[in-house]
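Each chain is listed here by its residues.
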Amino acid sequence: MHKDTIATIRQNLASGQYSSTELCQHLLERIAAHKDINAFIEVNAEHALDAAGKADERRAAGAAEPLLGVPIAHKDIFCTRGVRTTCGSRMLENFVPPYNATVVDKLNAAGSVSLGKTNMDEFAMGSSNENSYFGAVANPWDTSRVPGGSSGGSAAAVAARLVPATTGTDTGGSIRQPAAFCGITGIKPTYGRVSRYGMIAFASSLDQGGAMATTAEDCALLLDSMAGFDENDSTSIDQPVDDYSGELNNSVKGLKIGLPKQYFGSDLSAAIADTLQQAIAELTKLGATFIDIDLQNQHLAVPAYYVVAPAECSSNLSRFDGVRYGHRCADPVDLEDLYKRSRAEGFGREVKRRILIGTYALSAGYYDAYYIKAQKIRNLISQDFTKAFAQVDMILGPTTPTPAFKLNENTSDPVAMYLNDIFTIPANLAGLPGISVPCGLVDNLPVGLQLVGNYFKEAQLLNVAHQFQQVTDWHTKMPASIT
Amino acid sequence: MQWETVIGLEIHAQLATKSKIFSASSTEFGAEPNTQANAVDLGMPGVLPVLNREAVHMAIKFALATNAEIGKHNVFARKNYFYPDLPKGYQISQMDLPIVGSGKVEVTLDDGQVKTVGLTRAHLEEDAGKSVHDAYPGQTGVDLNRAGTPLLEIVSEPDMRSAKEAVAYARKIHSLVRYIEICDGNMQEGSFRCDANVSVRPAGETKLGTRAEIKNVNSFRFLERAINFEVERQIDLVESGSEVVQETRLYDADKDETRSMRSKEEANDYRYFPDPDLLPVEIDDALIARLREVMPELPEARCARFVSEFKLSDYDAAVLTADRATADFFESVLATSGAPAKLVGTWITGELFSRLNKDSIELTETPVKADRFSGLLARISDNTISGKIAKNILDQMWTSEDNADAIIDREGLRQISDSSEIEKMIDEVIAANPSQLAEYREGKEKLLSYFVGQVMKASRGKANPGQLNELLRTRLKG
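This one's a predicted model, so the numbers in the text were calculated from it and none came from an experiment.

## Here's the deal with the overall build of chain B
Here is step 1: In terms of regular secondary structure, chain B is built from 15 helices and 15 strands.
Here is step 2: For chain B, the C-alpha atoms occupy an extent of roughly 95 × 55 × 55 Å along the three principal directions.
Here is step 3: When the accessible surface of chain B is split by element, carbon and sulfur atoms take 49% of a total near 22700 Å².
Here is step 4: Charge centroids of chain B, computed over 58 positive and 76 negative side chains, lie 3 Å from each other.

Here's what the structure looks like:
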């Protein structure tokens with residue numbers, strides 16, 4: 001039953017094939033048996049089984065919430081009331097929030113059962129999950145490789161069939177890149193579609209929560225319950241939510257898909273380019289047409305991102321000062337010592353690097369040259385997309401330049417690591433929705449294709465991904481070890 | 001060498017919203033530490049600010065009251081610095097695009113001259129919490145009840161030329177924010193705080209001298225003293241060949257001096273940038289029009305009306321409209337007592353104010369509210385009691401719940417206006433003072449007051465003074 005999708009689980013729970021308690025018990029055993037993957041920071045078996053039992057009782061009493069009894073797991077960036085929330089950091093090693101993130105509340109209200117909190121790069125800063133204070137996560141396809149990041153634990157847990165679906169967050173590719181590396185489907189919605197309340201901030205103008213699962217259909221089922229306006233998040237957008245799962249079976253005939261020449265250049269490995277050509281052929285058979293487009297400022301996306309994101313993070317992470325909660329150094333001699341040592345001990349290398357970069361970019365005399373300029377580039381990149389969407393319905397390209405790399409392969413070269421997100425960052429800068437869908441195997445490692453849609457076109461992205469998954473079976477492939 | 005003083009003020013007015021500017025916590029003063037601080041106020045991970053529109057409305061009202069530009073597209077920015085009572089490590093404020101742009105206010109100085117002071121801008125921001133140094137020996141506590149209370153920071157042009165002008169301007173702003181009911185103005189509780197930027201330059205020089213900023217002065221008296229001390233300090237420095245350093249200074253009221261807090265070199269680089277958690281605030285004309293409609297009558301307009309409608313002197317009208325509570329009190333008493341405006345005005349600015357001053361309380365705290373005060377004025381106005389007796393009655397009212405009529409009846413203080421009764425007393429007094437009568441009739445008219453006093457004494461102060469005078473003159477002539 002661990003290979004069942006949410007769509008199947010819903011049927012099986014409804015028909016009584018198995019109970020939520022049985023399913024959760026089974027998955028908790030699998031999680032325990034696969035500790036080596038290190039996908040979870042916190043597993044709360046007692047809590048999960050209690051919730052599953054209640055879901056079973058409610059179902060017996062006639063309740064039928066959309067995700068009633070469906071096991072999921074939250075990235076450890078989402079605050080969970082009474083359950084430790086670390087954000088992958090020593091800083092929050094013992095932090096237990098007194099409130100739920102809106103996403104958590106919404107998924108609870110939909111009946112889902114959370115099995116635990118998934119591993120991640122510290123404060124969502126990383127592309128390999130090697131920056132977690134709680135240790136690196138192994139890619140279930142090849143445990144010597146990384147699962148991607150920062151939602152590496154969420155991706156690996158789904159790929160290893162420890163849980164059918166997880167929440168993730170995506171600031172520069174943190175849902176889509178690990179989804180591609182782990183052979184699963186992951187969607188980052190339009191900025192403002194999913195509430196950021198209770199989602200620990202990395203870069204507020206870029207962060208967006210989303211869903212990760214084996215199929216586009218499961219992502220749609222999760223997103224149906226996650227999306228929507230939240231009065232507690234001023235940047236969430238007050239407009240009706242589409243029926244994501246209801247639009248999965250629309251025809252893609254006549255759909256116009258743009259192929260940016262910048263996405264098929266020398267940055268991309270030839271093997272991945274081949275898989276994309278096969279995917280394009282499949283979608284053409286389904287009736288889509290392809291148009292070459294030009295996103296001329298794409299090359300500026302990574303540099304602009306590495307100004308904006310660190311600038312915002314340097315401010316967002318100021319609250320971790322050892323005063324009210326979180327790590328506090330032992331025996332501070334004075335206030336400055338308290339600040340310096342608490343933060344020096346509480347934060348890891350990459351987080352410190354970005355705080356320093358961001359502080360520099362915002363400081364007097366440099367602000368215009370860095371932050372303002374990066375915002376201008378951001379506008380240019382958005383304008384490129386706006387022009388493109390006048391011509392096409394969505395844009396197709398690779399999710400990543402290469403398949404999953406080896407653990408420690410890129411840790412000594414931050415820029416090489418940053419360039420992993422070269423294809424995913426532009427959608428964050430523009431605030432557009434993007435989805436990564438498995439589209440092939442290269443050297444027995446999964447690769448993903450990315451679709452970027454216009455604002456609030458999540459339903460269309462999920463629809464195309466689902467139709468693609470009706471005629472391909474890449475999303476059903478599993479690591480060989482899974483039986 | 002003649003020196004010119006140049007002063008600009010930054011005033012922090014706490015806005016009188018029920019809840020905080022970015023959270024639903026109460027803003028009430030004086031609660032137990034940290035009982036009015038929720039997850040947002042505590043800066044917990046993942047929480048987000050949501051703007052209280054009421055604070056925006058209040059800032060717009062301020063703009064309307066000062067003929068200032070309204071920032072129709074205004075933006076919140078983060079001011080980044082570390083301090084234990086600043087929970088997020090940044091203060092949400094406004095920098096490049098404030099909600100209120102340039103404006104001006106007219107300030108009446110002690111000598112009656114009117115001075116126009118320019119307003120540079122006013123912006124919305126959140127207050128910080130408080131560090132508590134005396135609650136735990138060797139440790140510092142943090143109380144975040146105040147964190148997130150909305151502030152309007154009102155920045156003036158460097159238009160003031162003396163401590164007195166600065167105080168007159170500060171009082172004017174203080175009066176204005178209370179008039180339009182956006183701030184309670186309570187300086188002891190920190191609802192209204194002044195920072196003064198002070199510099200000196202040789203008379204005739206147009207370039208500004210180096211300034212020092214005096215922080216957080218919480219009374220008008222201290223503001224005047226702090227500026228005067230600072231001006232002298234700066235003149236001494238320059239005259240002895242040193243230079244003024246740009247720095248932040250604190251006023252110590254006990255020692256009556258300012259002390260250096262931090263210099264420019266130690267100043268923070270606040271790394272302002274637009275807060276990505278909040279959208280820009282867009283203000284449309286419809287909202288401005290709606291707020292304009294509910295604006296109360298402002299001091300200048302009310303003063304002019306008092307002159308034209310009640311025939312008060314410019315001076316009396318200005319005093320009575322200097323703050324809204326006084327003007328409201330005046331109009332209420334005038335409407336209900338039937339007493340003439342001049343009499344009501346004199347009794348408020350004279351007898352009422354002197355008693356308030358003596359008890360060091362505000363008009364809002366007066367034990368004799370407008371209704372009881374009106375009852376007293378009605379009895380003066382209809383000649384039931386004399387002014388002298390009215391003062392005694394007011395004293396009794398001050399310490400009791402009784403109204404004027406009850407005291408008058410109980411003590412039999414009703415004025416004697418019955419001519420025959422007064423004449424009877426006059427006759428008795430004349431009969432008892434034959435020699436004084438003779439002297440008077442020989443031309444020593446000064447003795448009139450002696451006779452008045454004697455009859456008044458006989459009436460136990462109750463004789464109607466006007467009538468007494470008239471009747472006495474007639475009788476004394478013989």
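## Considerations on empty space enclosed by the protein
Here is step 1: A complete count under the given rule lists 6 cavities of 30 Å³ or more for this structure.
Here is step 2: Considering only enclosed or pocket space, the largest cavity measures out at about 120 Å³ in volume.
Here is step 3: Looking at side-chain class alone, the lining of the largest cavity contains 9 nonpolar, 2 polar and 5 charged residues.

## Things to note about the side chain of A:Thr166
Here is step 1: In this fold, A:Thr166 is placed in strand S4 (residues 165-169).
Here is step 2: Setting aside chain neighbours within four positions, we find A:Thr166 in contact with A:Ala73, A:Thr118, A:Ser154, A:Val158, A:Gly210, A:Ala211, A:Met212 and A:Leu222.

## Describing the interface of chain B and chain A
Here is step 1: Facing the 30 residues of chain B at the interface are 40 residues of chain A.
Here is step 2: Roughly 2700 Å² of surface becomes buried between chain B and chain A when both sides are summed, with 58% attributable to carbon and sulfur atoms.
Here is step 3: Its largest share of buried area at the contact with chain A, chain B owes to B:Pro45, B:Phe82 and B:Arg271, together 23% of the area lost on that side.
Here is step 4: If you look at where chain B meets chain A, you find 1 salt bridge.
Here is step 5: Here B:Asp277 ties to A:Arg196 by a salt bridge, and the two come within 3.1 Å at their closest N and O atoms.
Here is step 6: There are 17 residue pairs in polar contact (both at pLDDT 80 or more) connecting chain B and chain A.
Here is step 7: For the side of chain B that touches chain A, the secondary structure elements donating two or more residues are strand S3 (76-80) and strand S14 (273-274) of chain B.
Here is step 8: Residue composition of the side of chain B that touches chain A, by class: 21 nonpolar, 4 polar and 5 charged.

## Remarks on the nonpolar core
Here is step 1: Grouped together as the largest cluster of nonpolar side chains are 145 residues, with contacts concentrated most on A:Phe123, A:Phe385, A:Ile395 and A:Leu462.
Here is step 2: Broken down by element, the residue count for this core peaks at 9 residues, all from helix H9 (residues 301-316) of chain A.
Here is step 3: Filtering out sequence-adjacent residues up to four positions away, A:Phe385 remains in contact with A:Tyr263, A:Leu295, A:Gln298, A:Ile395, A:Pro426, A:Ala427, A:Ala430, A:Leu432 and A:Val452.
Here is step 4: In terms of nonpolar packing, the next biggest core, distinct from the first, is built from 71 residues, B:Leu9, B:Leu64, B:Leu119 and B:Leu278 among them.

## What about the sheet that holds strand S5 (residues 103-108) of chain B?
All names here are of chain B.
Here is step 1: In space, the 8 strands of this open sheet follow the order S5-S6-S9-S1-S10-S11-S12-S13, with mixed pairing throughout. For this open sheet the edge positions go to S5 and strand S13 (257-263), each flanked by a neighbour on one side alone. Mean inter-strand twist for the sheet, computed between neighbouring axes without regard to direction, equals 30°.
Here is step 2: The pairing of strand S1 (residues 3-14) with strand S10 (residues 192-202) spans 11 bridges and is classified as antiparallel. Residue Glu4 lies in a different strand from S10, and its bridge partner there is Arg201.
Here is step 3: Contacts between helix H2 (residues 163-179) and the sheet are confined to S1, S5, strand S6 (114-126), strand S9 (150-156) and S10, with S5 contributing the most and set at about 110° to the helix.
Here is step 4: Sitting on the sheet, helix H3 (residues 220-239) touches S1, S10, strand S11 (212-217), strand S12 (247-252) and S13, and the angle it makes with S10 is about 25°.

## Concerning the sheet that holds strand S4 (residues 90-94) of chain B
Here is step 1: Pairing is antiparallel in the open sheet, where 3 strands are placed in the order S4-S3-S14 (chain B). With one partner strand each, in any of the chains shown, S4 and S14 of chain B form the two edges of the open sheet.
Here is step 2: Contacts between H9(A) and the sheet are confined to S3, S4 and S14 of chain B, with S3(B) contributing the most and set at about 65° to the helix.

## Details of unusual backbone geometry
Residue and element names in this part refer to chain A.
Here is step 1: Cis rather than trans, the peptide bond between Gly149 and Ser150 has omega equal to 5°.
Here is step 2: Take Ser150: it is sitting in the loop between strand S3 (113-118) and helix H5 (152-159).
Here is step 3: Non-glycine residue Phe123 carries a positive phi angle of around 50°.
Here is step 4: Among the structural elements, Phe123 can be located in the loop between S3 and H5.
Here is step 5: A positive phi angle, near 50°, is found at Asp443, a position not held by glycine.
Here is step 6: Relative to the helices and strands, Asp443 resides in the loop between strand S10 (434-442) and strand S11 (445-453).
Here is step 7: Relative accessible area serves as the criterion here: at 73%, Asp443 is assigned to the exposed category.

## A short note on helix H3 (residues 45-60) of chain A
Residues and elements named next belong to chain A.
Here is step 1: For H3, spanning 16 residues, the distance from its first C-alpha to its last is 22 Å, which sits close to the expected 22 Å at 1.5 Å a residue.
Here is step 2: If you check which residues of H3 are buried, you get Ala48, Ala52 and Ala55. Taken around the axis of H3, the buried residues stretch over an arc of 60°, which confines them to a single face. Along H3, exposed side chains directed more than 90 degrees from the buried face belong to Glu46, Glu57 and Ala60.
Here is step 3: Where H3 terminates, the next one or two residues include Gly62, which has phi positive at roughly 100°.

## With respect to the packing of aromatic side chains
When we look at a pair of aromatic rings, we describe it by the centre distance and by the angle of the planes.
Here is step 1: Under the defined criterion, the tally for this structure stands at 28 aromatic pairs over all chains.
Here is step 2: Ring plane angle 80° and centroid distance 6.1 Å describe the contact between A:Phe320 and A:Tyr325, whose orientation is recorded as edge-to-face.
Here is step 3: Using a relative accessible area of 10% as the deciding quantity, one classes A:Tyr325 as buried.
Here is step 4: Above the face of the B:Tyr270 ring, B:Lys79 is positioned so that its terminal group lies 4.4 Å from the ring centre.

## Digging into the pairing of strand S2 (residues 71-75) of chain A
All names here are of chain A.
Here is step 1: A large share of S2 lies buried, amounting to 5 of its 5 residues.
Here is step 2: Of the strand pairs in this sheet, S2 and S3 are connected by 4 bridges, and their pairing is parallel. Residue pairing for S3: His74 is matched across the bridge by Lys117.
Here is step 3: In this fold, the crossover linking S2 to S3 by way of helix H4 (residues 102-109) has right-handed handedness.

## Considering helix H7 (residues 216-226) of chain A
Because each turn of an α-helix spans 3.6 residues, side chains separated by three or four positions end up pointing in the same direction.
All names here are of chain A.
Here is step 1: By the criterion of burial, H7 is predominantly enclosed, with 9 of the 11 residues buried.
Here is step 2: Within H7 the residues assigned to the buried category are Ala216, Asp218, Cys219, Ala220, Leu221, Leu222, Leu223, Ser225 and Met226.
Here is step 3: Immediately downstream of H7, the backbone of Gly228 shows phi near 135°, a positive value.

## Quick word on the domain arrangement of chain B
Residue and element names in this part refer to chain B.
Here is step 1: Structurally, chain B comprises domain 1 (3-287), domain 2 (297-411) and domain 3 (419-477).
Here is step 2: Spacing between the C-alpha centres of domain 1 and domain 2 amounts to 35 Å.
Here is step 3: With 9 residues of domain 1 in contact, the opposing surface of domain 2 contributes 11 residues.
Here is step 4: If you sort the residues of domain 1 by the area they bury against domain 2, Lys172, Arg178 and Tyr179 come out on top, with a joint share of 66%.
Here is step 5: Between the two partners, domain 1 and domain 2, sit 2 salt bridges.

## Some thoughts on the pattern of salt bridges
All names here are of chain B.
Here is step 1: Under the definition given, this model contains 57 salt bridges over all chains.
Here is step 2: Its salt-bridge partner being Glu224, residue Lys164 comes within 2.9 Å of it at the nearest N-O pair. Taken together, the residues span a long stretch of sequence, with Lys164 in helix H2 and Glu224 in helix H3 at a distance of 60 residues.
Here is step 3: Of the residues examined, Glu224 reaches a relative accessible area of 22% and is grouped as partly exposed.
Here is step 4: Salt-bridge contacts for Glu230 lead to Arg233; the nearest nitrogen and oxygen are separated by 2.7 Å.

## Structural notes on the packing of H9(A) against helix H11 (residues 349-362) of chain A
All names here are of chain A.
Here is step 1: Between H9 and H11, the shortest axis-to-axis distance is 7 Å and the interhelical angle comes to 100°. Here H11 runs roughly perpendicular to H9, going by the angle between their axes. Here Tyr306, Val307, Pro310, Ala311, Cys313 and Ser314 of H9 lie close against H11, whose contacting residues are Arg354, Ile355, Ile357, Gly358, Thr359, Ala361 and Leu362.
Here is step 2: Split by residue class, the contact of H9 with H11 holds 9 nonpolar, 3 polar and 1 charged.

## Quick word on the pairing of S3(A)
Residues and elements named next belong to chain A.
Here is step 1: Most of S3 is tucked away, with 5 of its 6 residues classed as buried.
Here is step 2: In this structure, strand S1 (residues 40-43) lies alongside S3, joined through 3 bridges in antiparallel fashion. When the sheet's bridge partners are listed, Val43 is paired in S3 with Gly116.

Rules used in this analysis
- Numbering of residues starts from 1 in every chain and runs along the sequence as written.
- Note on labels: chains are lettered from A, ligands numbered from 1, in written order.
- Restriction of local features to residues with pLDDT of at least 70 applies here, the model being predicted, together with a cutoff of 80 or more for giving and counting side-chain atom pairs; totals for whole chains, interfaces and linings are based on all residues.
- Heavy atoms from the whole structure form the basis of all side-chain values; hydrogens and water molecules are not counted.
- Only runs of H or I of at least four residues qualify as helices and only runs of E of at least two qualify as strands under DSSP, and these elements are numbered from the N terminus.
- The protein chains shown are the only cover counted for residues, whose accessible areas, like all others here, come from Shrake-Rupley with a 1.4 Å probe.
- Charged residues are defined narrowly, with Lys and Arg counted positive, Asp and Glu counted negative, and His plus the chain ends left uncounted.
- Note that the charge is assigned to NZ on lysines, CZ on arginines, CG on aspartates and CD on glutamates.
- Residues are said to line a cavity or pocket when one of their atoms sits within 4 Å of a point; the points come from a 1 Å grid over protein atoms alone, cavities being sets where a 1.4 Å probe fits but cannot get out and pockets being open sets with protein on both sides within 12 Å along at least five of seven lines.
- Grid points are joined across faces, edges and corners, and a volume is the space filled by probe spheres set on the points.
- Charged means Asp, Glu, Lys or Arg here, nonpolar means Ala, Val, Leu, Ile, Met, Phe, Trp, Tyr, Cys or Pro, and polar covers whatever is left, Gly included.
- What makes two residues a contact is simply this: any of their non-hydrogen atoms within 4.5 Å.
- Note on definitions: buried area is the accessible-area loss of two parts on being combined, 1.4 Å probe, summed for both.
- Only one rule defines a salt bridge in this text: a Lys or Arg side-chain nitrogen within 4 Å of an Asp or Glu carboxyl oxygen.
- Here a polar contact is taken to be a pair of N or O atoms separated by no more than 3.5 Å, where protein atoms must pair a possible hydrogen donor with a possible acceptor and residues adjacent in sequence count only if both atoms sit in side chains.
- We define a nonpolar core as any set of buried Ala, Val, Leu, Ile, Met, Phe, Trp, Tyr and Cys residues linked to one another through side-chain atoms lying within 4.5 Å.
- Relative accessibility thresholds used throughout: buried, under 20% of the residue-type maximum; exposed, over 50%; partly exposed, between the two (1.4 Å probe, protein chains only).
- One bridge is not enough; two strands pair if DSSP finds at least two bridges between them.
- Lines fitted to C-alpha atoms define the axes here, with helix axes fitted over just the stretch in contact, and angles between the N-to-C directions of these axes take values from 0 to 180 degrees.
- What a helix is expected to span follows from its residue count: subtract one and scale by 1.5 Å.
- Here the arc refers to the set of directions running from the helix axis out to each C-beta atom.
- Within 6.5 Å between ring centres, the rings of Phe, Tyr and Trp (the latter by its six-membered ring) count as paired, and their orientation is classed by plane angle as stacked under 30 degrees, edge-to-face over 60, tilted in between.
- Two conditions define a charge sitting above a ring: the NZ of Lys or the CZ of Arg must be within 6 Å of the ring centre, and it must be within 35 degrees of the ring normal.
- By convention, a crossover is right-handed whenever its connection, traced from the first strand over the helix to the second and viewed with the strands pointing away, goes clockwise.
- Domain limits in this description derive from either an automatic procedure or a database domain assignment.
- An angle counts as roughly parallel when it lies under 35 degrees, as roughly antiparallel when it exceeds 145, as roughly perpendicular when it falls between 65 and 115, and as oblique in every other case.

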